Amino acid sequence: MALPFTRILQPCLRLFPPELAHDVSLWALRYGLYQKQYKDDHSLLRQNLWGMTFNNPVGMAAGFDKDGAVPDALTNMGFGFVEVGTVTPKPQSGNEKPRVFRLPREHAVINRMGFNNNGHKALLERLQNRNKNSVIGINIGANKLSEDRIEDYIQGIKTLYPVADYFTVNISSPNTPGLRDLQTPGKLNTLLSMIMATRGAMMEAGESWRPILVKLAPDIEDDDLKSTIECLKVNAVDGIIISNTTVSRDGIPDIAIAGQAGGLSGRPLFSLSTRMLAKTYTLIQGQIPLIGVGGIDHEDSALEKIYAGASLIQLYTGLIYQGPNLIHRIKRKIIRTMQDNNYNSISEMVGLKADIWAKNKEF
């Protein structure tokens, strides 16, 4: 019988430095030391998006399993899908340590990891050898010292196409200098047109269609958001993830910690990312499925992401403070809400409060 991860390992992890705690978590998952979900998910949680079946809408966000070491374990733990990466063409060690900082009072984390990963080849080999029993997305990025960042994304599509269920184009990390410049419409249009052409070439060579999603930063101004979303629509992206971490430090009173460079995730990100999610939902008018991520650390905040426009949601920082049981609490809450309101599909809940959130109403 597996060691109860939630009751024994989870409290101990907070005694370790943040990055070591992350490594121990991966080790525990790799060796089966976690609480498995033995019952199938309730049928009410099931959705079909992009031609794929998601058994439940709760996913593991990119950043936790950068090198695709434990996607099956995360699925067995109860996630409906797992996004691995961010992965770059060449291996890179990332930024100097320390580069992860907990903010326990705010239930938040600041990180400046810098796309540390083992590269395309290592991820390809790992995912080729797994038992495919779940939806696996691959989050692709560019090397810090790359001379042609657009080519890095193209190589990600070409190399990893056989093992991806979907791709996420990460142009929103604040920890690779200049990367967010790719969110500007001119550069974004060039990037996406080349990515879509690459996908077309892969399909002509006999591969199946793969959805292309784009992950945006939460710090985009409203006027810029409109032009960015229009660019995504013109290039026919299949999904949008809202959002990555923020460079804002609003609500962080500790000056020493707030002064640390990097992206802020966790509870302080919730309102900012959820408002952007709702604004995006209103701009696309339901034409493109959205994934909501940022600050989900309670079943109610998960539900608000769906009400704001998300068809799927992703967790990461919330698990650090709430533990893996958060996954099951969220699923139970969604089921109860659907039953209480006689909803037959999650899609009936998506965007119900988008207008409220888009008008800057606080949660």
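Source: prediction; values computed, not measured.

Engineer: When you look at the overall build of the protein in this model, what are you seeing that I'm missing?
Structural biologist: Each helix and strand in the protein was counted, giving 13 helices and 13 strands. Taken over the C-alpha trace, the protein has a radius of gyration of 19 Å; the compact-globule value for 363 residues is 21 Å, and the two agree within 12%. In terms of its C-alpha atoms, the protein occupies a principal-axis envelope of roughly 50 × 50 × 45 Å. Put simply, the protein has 363 residues, and 59% of those count as buried. Residue pairs at least 24 apart in sequence account for 73% of intrachain contacts in the protein once pairs closer than 6 positions are excluded. Approximately 15300 Å² of the protein is accessible, and the part contributed by carbon and sulfur atoms is 50%. Side chains of the protein give 40 positive and 36 negative charges; the mean places of these two sets differ by 5 Å.

Engineer: For this particular structure, what's the right way to read the packing of helix α5 (residues 149-160) against helix α6 (residues 185-204)?
Structural biologist: One way to put it is that α5 packs onto α6 with a least axis distance of 10 Å and a crossing angle of 25°. Here α5 lies roughly parallel to α6, going by the angle between them. At the point where α5 passes α6, the crossing takes the right-handed sense. Here α5 contributes Ile150, Tyr153, Ile154, Ile157 and Lys158 to the contact with α6, which in turn contributes Thr190, Leu191, Met194, Ile195, Thr198 and Met202. Considering only residue class, the contact of α5 with α6 consists of 8 nonpolar, 2 polar and 1 charged.

Engineer: Can you walk me through the side chain of asparagine 244 in this structure?
Structural biologist: With respect to the helices, strands and loops of the structure, asparagine 244 is situated in the loop between β10 (239-242) and α8 (255-258). Exposure remark for asparagine 244: the relative accessible area of 10% places this residue in the buried category. Not counting residues up to four positions away in its chain, the partners in contact with asparagine 244 are Asn170, Ser172, Ser173, Lys215, Leu216, Ala217, Pro218 and Leu269.

Engineer: Just checking my understanding: could you explain the sheet that holds strand β12 (residues 290-293) for this structure?
Structural biologist: Read once around its circumference, the closed barrel built from 8 strands follows the order β3-β4-β7-β8-β9-β10-β12-β13, with strand pairing classed as parallel. Adjacent strand axes in the sheet meet at a mean angle of 25° when their direction is disregarded. Along the sheet, helix α7 (residues 222-234) makes contact with β9 (212-216) and β10, crossing β9 at roughly 170°.

Analysis parameters
Residues numbered from 1 in each chain as written. Predicted model: local features only at pLDDT ≥ 70, side-chain atom pairs only at ≥ 80, totals over all residues. Heavy atoms only, no water. Helix = DSSP H or I, 4+ residues; strand = E, 2+ residues; numbered from the N terminus. Rg over C-alpha atoms; globule rule 2.2 N^0.38 Å. Buried < 20%, exposed > 50% of the residue type's maximum accessible area, 1.4 Å probe, protein only. Contact = heavy atoms within 4.5 Å. Areas by Shrake-Rupley, 256 points an atom, 1.4 Å probe, with all protein chains shown as cover. Lys, Arg positive; Asp, Glu negative; His and termini not counted. Charge placed at Lys NZ, Arg CZ, Asp CG, Glu CD. Axes fitted to C-alpha atoms, helices over the stretch in contact; angles between N-to-C directions. Parallel < 35°, antiparallel > 145°, perpendicular 65-115°, else oblique. Left-handed = near helix turned anticlockwise from the far one by under 90°. Nonpolar A, V, L, I, M, F, W, Y, C, P; charged D, E, K, R; others polar. Pairing = 2+ DSSP bridges.

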